[in-house]
Amino acid sequence: MSIKGKAYIAGVYEHPLRDAPNISTAQIHAECAKGALEDAGLTKDDIDGYFCAGDAPGFGAMSMADYMGLKLRHMDSTETGGSSYILHVGHAAQAIAEGKCSVALITLAGRPRQARMGGGGGRGGPPGGASDVPEAGFENIWGGSTHNTYGMCAMRHMHDYGTTAEQLAWIKVAASHHAQWNDHAFLRDVVTVEDVINSPMIADPLHRLDCCVVTDGGGAVIVTTPEIAKSLKRPLVKVIGAGEAPKGPRGGLDLDLTYSGAVWSGPIAFEEAGVTPADIKYASIYDSFTITVLMQLEDLGFCKKGEGGKFVADGNLISGVGKLPFNTDGGGLCNNHPTNRGGITKVIEAVRQARGEAHPKVQVPDPSLVLAHGTGGSLGTRHGAATLIMERE
Amino acid sequence: MADTTEAPAARRIPAPAVNVESKPFWDAAEQGKFLIKRCKACGKAHWYPRNLCPHCFSSETVWEESPGEGVIYTYSVMHRNTPVPYAIAYVNLDEGPAVLTNIIDYDAATLKIGARVKVKWTPTEGGPPVFTFAPV
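Residues numbered from 1 in each chain as written. Chains lettered and ligands numbered in written order. Predicted model: local features only at pLDDT ≥ 70, side-chain atom pairs only at ≥ 80, totals over all residues. Heavy atoms only, no water.

Novice: In this structure, what is going on with the side chain of Asp210(A)? I would like to understand it.
Specialist: All names here are of chain A. Residue position: Asp-210 is located in the loop between β5 (206–207) and α8 (226–231). Engagement of the side chain of Asp-210 in a polar contact is seen with the backbone nitrogen of His-207, the distance being 2.8 Å. At 2.8 Å, the side chain of Asp-210 and the side chain of Thr-290 are in polar contact. The contact partners of Asp-210, leaving out residues within four places of it in the chain, are Leu-168, Ala-169, Val-196, Pro-205, Ser-288, Phe-289, Thr-290 and Leu-333. (Helix = DSSP H or I, 4+ residues; strand = E, 2+ residues; numbered from the N terminus. Polar contact = N/O pair within 3.5 Å; in protein donor to acceptor, adjacent residues only side chain to side chain. Contact = heavy atoms within 4.5 Å.)

Set out below in structure tokens:
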């Protein structure tokens, strides 16, 4: 497979300003996007892929996607300095050739001339830096952290669906049952529902044991061709589906914090893989907090929306006990959460399961289809969801 | 609760980061006016304020003074690493958009999903006041 002839350049736009004291960096990105769309004869709603580099203010592609109100199924913020945007055209062509998006937007913007003038007329914050993250001034003042922004999701989920603290606690209980077999796990003690709900309140309604651990550490993954994989002496774990999507308030109308971007990334991955949630034998689910797991399980379709509380209760996530073994390494709740980014360890444990190399006490009997899913950023503000489905060959 | 600090003071709020796009909002805040943005092309309000409409991408967005009233969509009281617990919340403004904020002057009876609140300005450390909300 090649990108040759699979993608076309449909629109371009170069911003006319050479000195921009009076508009923000985010606005220049957006005006460039608007100009390129008009050049192409397309509208904002046609865009389903977005590419940006380190000049885009905020967290990867997510702040600018939210600023512009984009609904995406593909994004890429690969940073290689000034060459990024040439590389992005190549990446966009790959994504289009693979059907991962059909209209890709690439933007660049910056205001280095304003740095010497004290931040482009702003007050507070470094020039062109934090003050130019478009949402920063309106959001970074409220003492928001992952704890209380996820707390807000849990609070609303309980309000809308009757989810209880005891049901959330079962997620931690299941993780602890798995962690007891992991020599490296940060927390190895098996805990009970009572232990969780009697632990100190951190951010209502989340208790200390609803929260993941903070650890050092790391991980790595190698992906290769079928030919090379078959030449190696390792079990064959094939990537068969992947989906991604950011979610943010996008202007704040109809805010609903009870679902995550998994409602979009999941179906994309399942469709590509040609399987359904019922086919999945093991799931690595990002567990920054217990509520993170519950919402993502619902959004991925392992149960109906609002029924996650019932689904996770009574050990249903414990390997050998329940219907959907999850995070058999102990996950972020018990094992580790290196540099507060749990995505790679989710892939690693799913691969261990697919290979049949998980701890014998937690290994699922038929690991033919496994899933790894995560959300990064905050479910309470803006986040990126990613779903990966793998098959043991 | 984990908080054992004696004589808790109110949480000190840092000066908001202001840029050229948000400066009109903060200038109005100094005058006690709560502004939101509305798009003349699609008619919809949005939050946080942008010069391009996040709904339809029109450049025809205009500032509009809001009474700053709405209902609590959700909240969470933070107990960790703070001298005094504080409530972060989303308020659904009567104009439509949800606003991330802190609820102040609340008690157990008034800090509820669905409770009506109104903007009440709170001073910051060296910057313009910020749009906290209080029960009405």
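After that view of the structure, there is still more to cover.
Novice: I tried to follow the sheet that holds strand β3 (residues 61–66) of chain B on my own but got confused; where do I start?
Specialist: Whether parallel or antiparallel, the strands of a sheet pair through hydrogen bonds between backbone atoms. All names here are of chain B. Pairing within the open sheet is antiparallel, and its three strands lie in the order β2-β1-β3. Here the strands that pair on one side only, and so sit at the sheet edges, are β2 (45–46) and β3. Bridge count between strand β1 (residues 34–39) and β2: two bridges; the pairing is antiparallel. Across the sheet, Arg-38 pairs through a bridge with Ala-45, a residue of β2. Contacting β1 and β3, helix α1 (residues 23–30) runs over the sheet at an angle of about 145° to β1. (Pairing = 2+ DSSP bridges. Axes fitted to C-alpha atoms, helices over the stretch in contact; angles between N-to-C directions.)

Novice: How do you make sense of the pattern of salt bridges when you look at a structure like this?
Specialist: Two side chains carrying opposite charge are able to pair once their charged atoms lie near each other. Scanning all chains against the criterion turns up 29 salt bridges over all chains. Lys305(A) serves as the salt-bridge partner of Asp299(A), at 2.8 Å between the closest nitrogen and oxygen. Residue classification places Lys305(A) among the partly exposed positions, given a relative accessible area of 31%. Each member of the salt-bridge network shares a partner with another, and the members are Asp66(A), Glu135(A), Glu139(A), Arg382(A) and Arg50(B). (Salt bridge = Lys/Arg side-chain N within 4 Å of Asp/Glu carboxyl O. Buried < 20%, exposed > 50% of the residue type's maximum accessible area, 1.4 Å probe, protein only.)

Novice: What should I look at first to understand helix α5 (residues 146–161) of chain A in this one?
Specialist: Every α-helical turn comprises 3.6 residues, leaving residues that sit three or four positions apart pointing alike. Residue and element names in this part refer to chain A. Between its first and last C-alpha atoms α5 spans 22 Å; for 16 residues at 1.5 Å apiece the expected length is 22 Å, and the two agree. Extensive coverage of α5 is indicated by the burial of 12 of its 16 residues. Every buried residue of α5 is accounted for by His-147, Asn-148, Thr-149, Tyr-150, Gly-151, Met-152, Cys-153, Ala-154, Met-155, Arg-156, His-157 and Met-158. Backbone geometry just after α5 places Gly-162 at a positive phi near 75°. (Expected span 1.5 Å × (residues − 1).)

Novice: Explain the interface of chain B and chain A here, please?
Specialist: The interface of chain B with chain A comprises 56 residues on the first partner and 60 residues on the second. With both sides pooled, the region where chain B packs onto chain A buries about 4,800 Å², and carbon together with sulfur makes up 63% of that total. When the area that chain B buries against chain A is broken down by residue, the three leading residues are Tyr48(B), Phe57(B) and Tyr73(B), summing to 17%. Counting the contacts that link chain B with chain A gives one salt bridge. Arg50(B) is paired through a salt bridge with Asp66(A); the nearest N and O atoms lie 3.6 Å apart. Inspection of the region where chain B meets chain A yields 23 residue pairs in polar contact (both at pLDDT 80 or more). At the level of secondary structure, the elements contributing two or more residues to the side of chain B that touches chain A comprise α1, β2, β4 (69–78), β5 (86–93), β6 (98–103) and β8 (130–135) of chain B. (Buried area = accessible area lost by both parts, 1.4 Å probe.)

Novice: Help me out: how do you make sense of a nonpolar patch on the surface in this one?
Specialist: A cluster of nonpolar side chains, Ile9(A), Val12(A) and Val89(A), forms an exposed patch at the surface whose accessible area comes to about 290 Å². A relative accessible area of 56% places Val12(A) in the exposed class. (Patch = residues over 30% accessible without salt bridge, like charges linked within 9 Å, V, L, I, M, F, W, Y side chains within 5 Å. Areas by Shrake-Rupley, 256 points an atom, 1.4 Å probe, with all protein chains shown as cover.)

Novice: Explain the packing of helix α6 (residues 165–179) of chain A against helix α10 (residues 290–300) of chain A to me, please; I cannot follow it from the model alone.
Specialist: The description of two packed helices rests on the angle between their axes and on the distance between the axes. All names here are of chain A. The geometry of α6 relative to α10 is characterised by a closest axis approach of 9 Å and an angle of 100° between their N-to-C directions. By the angle class used here, α6 and α10 are roughly perpendicular. Within the contact between the two elements, α6 uses Leu-168, Ile-171 and Lys-172 and α10 uses Thr-290, Ile-291, Val-293 and Leu-294. Its residues placed into classes, the contact of α6 with α10 shows five nonpolar, one polar and one charged. (Parallel < 35°, antiparallel > 145°, perpendicular 65-115°, else oblique. Nonpolar A, V, L, I, M, F, W, Y, C, P; charged D, E, K, R; others polar.)

Novice: Is there a simple way to explain empty space enclosed by the protein in this structure?
Specialist: Take a probe with the size of a water molecule and roll it over the atoms, and the empty space left behind shows itself. Residue and element names in this part refer to chain A. Here the structure, examined in full by the defined rule, presents three cavities of 30 Å³ or more. Counted as a void, the largest cavity has a volume near 80 Å³. A total of three residues in the lining of the largest cavity trace back to one element, the largest contributor, which is helix α4 (residues 136–139). Classifying every residue of the lining of the largest cavity gives eight nonpolar, four polar and one charged. (1 Å grid on protein atoms, 1.4 Å probe; cavity = no way out; pocket = protein on both sides within 12 Å on 5 of 7 lines; lining within 4 Å. Points joined across faces, edges and corners; volume = space filled by probe spheres on them.)

Novice: What should I look at first to understand the layout of surface pockets in this one?
Specialist: All names here are of chain A. A volume near 970 Å³ is recorded for the second largest pocket. Lining the second largest pocket are 40 residues, with Gly-11, Val-12, Ala-36, Ile-106 and Thr-107 positioned closest to its centre. Mapped onto the lining of the second largest pocket, the elements with two or more residues apiece are α1 (25–40), α3 (84–97) and β3 (104–106). Here the element with the most residues in the lining of the second largest pocket is α1; it accounts for six residues. A class-by-class count of the residues in the lining of the second largest pocket yields 29 nonpolar, six polar and five charged.

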